[in-house]
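Coordinate inspection notes
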Amino acid sequence: MNPRLTRRHFLQVGAATALGAGLCQGRAAAAEHTLIPAPARVHLVGANQPTTAVWAFNGRVPGPTLRLGQGTVLRAAVENRLPEATTVHWHGIRLPNAMDGVPHLTQPPIAPGGRFDYRFSVPDAGTFWYHPHVNSSEQIGRGLHGPLIVEEARPPEVDRDLVWVLDDWRLDRQAAIPPFGQRHDMTHAGRIGQVVTLNGAISDRVDLRPHERIRLRLINAANARLFALRFENHHPTVIALDGMPVAPHGVERIWLGPAQRVDLILDAVAAPGSVHRVIDDAYPEGAYWLTELHYGAEVVRPTPLTEVVPLPANPVPEPDLVGAVRGEFRLQGGARGSLRQGNLGGRSLGIRQLVGQGKAWAINGQVAWRYDDPPLMSLQVGQSAVLTLVNETSFPHPMHLHGFHFRLLSRDGEPVARQPWRDTVLVWPRERVEVAFVAERAGQWMFHCHTLAHQGGGLMGVIAVA
Ligand code: C2O
Ligand code: CU
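Residues numbered from 1 in each chain as written. Chains lettered and ligands numbered in written order. Predicted model: local features only at pLDDT ≥ 70, side-chain atom pairs only at ≥ 80, totals over all residues. Heavy atoms only, no water.

1. Focus: the overall build of the protein
- A tally of regular secondary structure across the protein gives five helices and 35 strands.
- Over its C-alpha atoms the protein spans a radius of gyration of 21 Å, differing by no more than 12% from the 23 Å that the globule rule assigns to 466 residues.
- Seen through its principal axes, the protein has C-alpha atoms that stretch 65 × 50 × 45 Å.
- Going through the 466 residues of the protein one by one, you find that 61% of them count as buried.
- In the protein, of all internal contacts separated by at least 6 residues, the share reaching a separation of at least 24 is 77%.
- Carbon and sulfur atoms provide 52% of the accessible area of the protein, an area that totals close to 17,400 Å².
- Here the protein carries 45 positive and 42 negative side-chain charges, and the mean point of each set is 5 Å from the other. (Helix = DSSP H or I, 4+ residues; strand = E, 2+ residues; numbered from the N terminus. Rg over C-alpha atoms; globule rule 2.2 N^0.38 Å. Buried < 20%, exposed > 50% of the residue type's maximum accessible area, 1.4 Å probe, protein only. Contact = heavy atoms within 4.5 Å. Areas by Shrake-Rupley, 256 points an atom, 1.4 Å probe, with all protein chains shown as cover. Lys, Arg positive; Asp, Glu negative; His and termini not counted. Charge placed at Lys NZ, Arg CZ, Asp CG, Glu CD.)

2. Describing the sheet that holds strand β20 (residues 288-295)
- On the basis of which strands lie adjacent, the open sheet formed by five strands has the order β12-β20-β19-β14-β17 and mixed pairing. On the outer flanks of this sheet lie β12 (206-208) and β17 (254-256), each paired with one strand and no other. The sheet shows a mean angle of 25 degrees between the axes of neighbouring strands, direction not considered.
- The pairing of strand β14 (residues 227-231) with strand β19 (residues 275-280) spans three bridges and is classified as antiparallel. Note that in β19 the partner of Phe-231 across the bridge is Val-278. (Pairing = 2+ DSSP bridges. Axes fitted to C-alpha atoms, helices over the stretch in contact; angles between N-to-C directions.)

3. Some words on the sheet that holds strand β1 (residues 32-35)
- Taken together, the three strands give an open sheet; going across it, the order is β1-β5-β7, and neighbouring strands pair in mixed fashion. The two strands at the open ends of the sheet, each matched to only one other strand, are β1 and β7 (115-121). Ignoring which end each strand starts from, the neighbouring axes of this sheet average 20 degrees apart.

4. Digging into the pattern of salt bridges
- All chains considered together, the criterion is met by 32 salt bridges.
- In this structure, Asp-161 and Arg-217 form a salt bridge, with 2.8 Å as the shortest nitrogen-oxygen distance. Separated by 56 residues along the polypeptide, Asp-161 in strand β10 (residues 160-169) and Arg-217 in strand β13 (residues 213-220) bring together distant segments of the chain.
- With its nearest N and O atoms 2.8 Å apart, the salt bridge here joins Asp-267 to Arg-213. One end of the pair, Asp-267, is in strand β18 (residues 261-267); the other, Arg-213, is in strand β13, with 54 residues separating them in the sequence. Side by side, Asp-267 and Arg-213 carry an identical accessibility label, which is buried.
- Put simply, Arg-67, Glu-151, Glu-152, Asp-161, Arg-215, Arg-217 and Asp-263 are held in one network by salt bridges that share partners. (Salt bridge = Lys/Arg side-chain N within 4 Å of Asp/Glu carboxyl O.)

5. Some points on the packing of aromatic side chains
- Counted under the stated rule, the structure contains eleven aromatic pairs.
- Centroid distance Trp-361 to Phe-395: 6.2 Å. Interplanar angle 75 degrees. Geometry classified as edge-to-face. Residue Trp-361 is found in strand β24 (residues 361-363), and its partner Phe-395 is found in the loop between β27 (384-391) and β28 (397-401); the two are separated by 34 residues along the sequence. Grouping residues by exposure puts Trp-361 and Phe-395 together as buried.
- An aromatic cluster is built from Phe-57, Trp-90, Phe-116, Tyr-118, Phe-120 and Tyr-130, whose rings are joined through pairwise contacts.
- One Lys or Arg, Arg-142, reaches over the ring of Trp-55 and ends 5.2 Å from the middle of that ring.
- Over the aromatic face of Phe-180 sits the side chain of Arg-191, whose NZ or CZ is 3.6 Å from the ring centroid. (Phe/Tyr/Trp six-rings, centres within 6.5 Å; stacked < 30°, edge-to-face > 60°. Lys NZ or Arg CZ within 6 Å of the ring centre and 35° of its normal.)

6. A look at the coordination of the copper ion (ligand 2)
- Here the copper ion (ligand 2) is held by the protein donor atoms His-397 (ND1), Cys-449 (SG) and His-454 (ND1), which lie 2.0 to 2.1 Å from it.
- In this structure His-397 comes out as buried when scored by relative accessible area, which is 0%.
- With relative accessibility at 0%, the residue Cys-449 sits in the buried group. (Donors = N, O, S within 2.8 Å, 3.2 Å for Na, K, Ca; no water.)

7. Some words on the pairing of β28
- Counting buried residues along β28, five of its five residues qualify, which places the element largely inside the surrounding structure.
- Going residue by residue along β28, you find His-397, Met-399 and Leu-401 tucked away on one face and Pro-398 and His-400 tucked away on the opposite face as well.
- Direction of pairing for β28 relative to strand β32 (residues 424-427): antiparallel, over a ladder of four bridges. Opposite Met-399, over in β32, you have Val-425 as the bridge partner.
- Strand direction decides the pairing type here: β28 and strand β34 (residues 443-449), joined by three bridges, are antiparallel. When the sheet's bridge partners are listed, Met-399 is paired in β34 with Cys-449.

Next up, the structure:
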């Protein structure tokens, strides 16, 4: 469905509220948090519109922004008030396996009424996020996710540090969320919604002051939607990808697959009083504007800043490409795919039987059945690995590795510019992508598609490090 049309639908019914962009909350001194996942009602589509029944951390969508300093310890007590079991996964944080939040694999699921205490230090500064890892498509899709911001000891000088959590929702005309688990979503592009929100609400405007400098942290928390943002008349500079610093560079369109993050320096270079759109045309037939940048009158400094200083590197170990163990992961299945037969829990099933079991995807013929299936690959602690991901399907897959960031080496044999560190890489249909990482910590680490209906449909596996 065209998001612009639906947006109009909601806008016609009544004026949607303007929502500022700020989620910027003060740094939590003693990083001790309580996260309570529970049913809640929120305004997604405007204050004068019906509220939406969601699942939320601490009653808010997105959940509270957790901010702490690099190298400090995060303590979070999770008290489950959902009607089903849950966990919290700290997406992109390099942490001990026992804190990784994968049910049955790294911890028992937190039963309704139960509690789990997470405690780990955060080695890398950057933009991360947290979300459940049980029934992920539904739990994340109903609104359970929040930003996790780790601050550099000396953050770059900016006038404002903003977080934009991008999300989309499938809503009916009463702004209610229809059921999850649609087979078509699972076998095709995932659950793509038709209402896009910025920090938990449709956004009509974000206010800028002429010549101010903003650090803008983009997080794609959507179930399946890709974003490709353009800032009319602006030239943002990318400074980090998936939390990890990258040599500052300009880009025309900013791509974010599900779970990916991009940190930008956005200089407010336009004229006082002017208005500029932020356009998303990831799906050309469904282009729409995400929000508008509205310039005030008061100029912050005589001219905008121009120089962008790189962020300090994070202490990620460099893989040894020569001595690396090599593996190939072929991503298979889905509609218009070539998968005929897949191994599910030790049985070889045809694609129709698989779909009957709610599955349609495989890695090297292996359809994920349980979290504790036998591993796709085993590595020794400290070993470097080069993985080739081959997308044999008709859909893009944002492939996420837990526990480690990898260097994105090449796409279809062509070296990738800057070979950035990432924890999630978008692999396009028929594409072949090479990534490399050091298996620096022992444990059972998930590797899966972050299009959550694909993950649930079997596009998932474990890399065992011992
Ligand atoms: Cu953000 Cu295994 O996920
Ligand atoms: Cu996928």
